[in-house]
Amino acid sequence: MAPTLTEIRDALAQQIDNLVPGLRTASTVPGTINPPVAIVTPNQSGLINYQEIMSSGLATWTMRVYIIVGAVSDRNAQTTLDGFLSPEGESSVPSAIASDPTLGGVVEYAVCTSAQKYGELQYAGVSYLGCEISVEAS
């Protein structure tokens, strides 16, 4: 049976939490945050293609991992964010996801496909430095 959206979101957040030191995670959107934090959410557009399910029986979900690190003006926040976005290294979110692409057996695969919107993000009326990572999971 295919995993649910909630199972994928929880597994993705858990894997990042377990493998990336110093980065808090949330699998649901919190009311307030304490950066640095990774928030796993469904993609706002292009979440799932139902035709794919009908034809192949597999569902590919597109998720967003919002990495929020601190004040936009903080130079250390930029260095921290750069480490979280790096394709390799101890603090790399993409590397943490790639280390077990099944997310503990929850999915067939999960892969980071891109990072975008590096810069100022608004969260609960506060400006932060952050970036979005796109993840496909099936």
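Residues numbered from 1 in each chain as written. Predicted model: local features only at pLDDT ≥ 70, side-chain atom pairs only at ≥ 80, totals over all residues. Heavy atoms only, no water.

Enquirer: Requested: an account of the overall build of the chain, with residues and values cited.
Expert: Helix and strand counts for the chain come out as 4 helices and 5 strands. For the chain, the succession of helices and strands along the chain, N to C, is α-β-β-α-β-α-α-β-β. Here the chain has a C-alpha radius of gyration of 15 Å; the compact-globule value for 138 residues is 14 Å, and the two agree. The buried share among the 138 residues of the chain stands at 43%. Within the chain, contacts between residues at least 6 apart in sequence are counted, and of these 56% link residues at least 24 apart. Carbon together with sulfur atoms contributes 51% to the accessible area of the chain, which is approximately 7,200 Å² in total. Of the charged side chains in the chain, 5 are positive and 13 negative; the average position of the first set lies 10 Å away from that of the second. (Helix = DSSP H or I, 4+ residues; strand = E, 2+ residues; numbered from the N terminus. Rg over C-alpha atoms; globule rule 2.2 N^0.38 Å. Buried < 20%, exposed > 50% of the residue type's maximum accessible area, 1.4 Å probe, protein only. Contact = heavy atoms within 4.5 Å. Areas by Shrake-Rupley, 256 points an atom, 1.4 Å probe, with all protein chains shown as cover. Lys, Arg positive; Asp, Glu negative; His and termini not counted. Charge placed at Lys NZ, Arg CZ, Asp CG, Glu CD.)

Enquirer: Tell me what's going on with the pairing of strand E2 (residues 37–42), and back it up with residues and numbers.
Expert: The buried fraction of E2 is high, at 5 of 6 residues. Inspection of the sheet shows strand E1 (residues 24–26) paired to E2 by 3 bridges, in the parallel sense. Directly across from Thr25, in E2, lies its bridge partner Ala38. Of the strand pairs in this sheet, E2 and strand E3 (residues 61–70) are connected by 6 bridges, and their pairing is antiparallel. Each residue of the ladder has a partner; that of Ile39, found in E3, is Tyr66. (Pairing = 2+ DSSP bridges.)

Enquirer: Just give me the short version of the pattern of salt bridges, but keep the residues and values in it.
Expert: Scanning the entire structure with this criterion turns up 2 salt bridges. Where Arg64 meets Glu132, a salt bridge forms, and the shortest distance between an N and an O atom there is 3.1 Å. Separated by 68 residues along the polypeptide, Arg64 in strand E3 and Glu132 in strand E5 (residues 126–137) bring together distant segments of the chain. For Arg64, a relative accessible area of 15% translates into the label buried. Accessibility expressed as a relative area gives 4% for Glu132, which makes it buried. In this structure, Glu132 and Lys117 form a salt bridge, with 3.8 Å as the shortest nitrogen-oxygen distance. Highlighted residues: Glu132 in strand E5 and Lys117 in strand E4 (residues 110–123), separated in sequence by 15 residues. Salt bridges linked by common partners bring Arg64, Lys117 and Glu132 together as one network. (Salt bridge = Lys/Arg side-chain N within 4 Å of Asp/Glu carboxyl O.)

Enquirer: So what's going on with helix H3 (residues 75–85)? Residues and values would help.
Expert: Owing to its 3.6 residues per turn, the α-helix aligns residues three or four sequence positions apart on the same side. Within the span of H3, buried status applies to Ala77, Leu81, Gly83, Phe84 and Leu85. Against E3, helix H4 (93–99), E4 and E5 lie the buried residues of H3. Backbone nitrogen of Asn76 and a side-chain oxygen of the N-cap are separated by 2.9 Å at the start of H3; the cap is Asp74. (Polar contact = N/O pair within 3.5 Å; in protein donor to acceptor, adjacent residues only side chain to side chain.)

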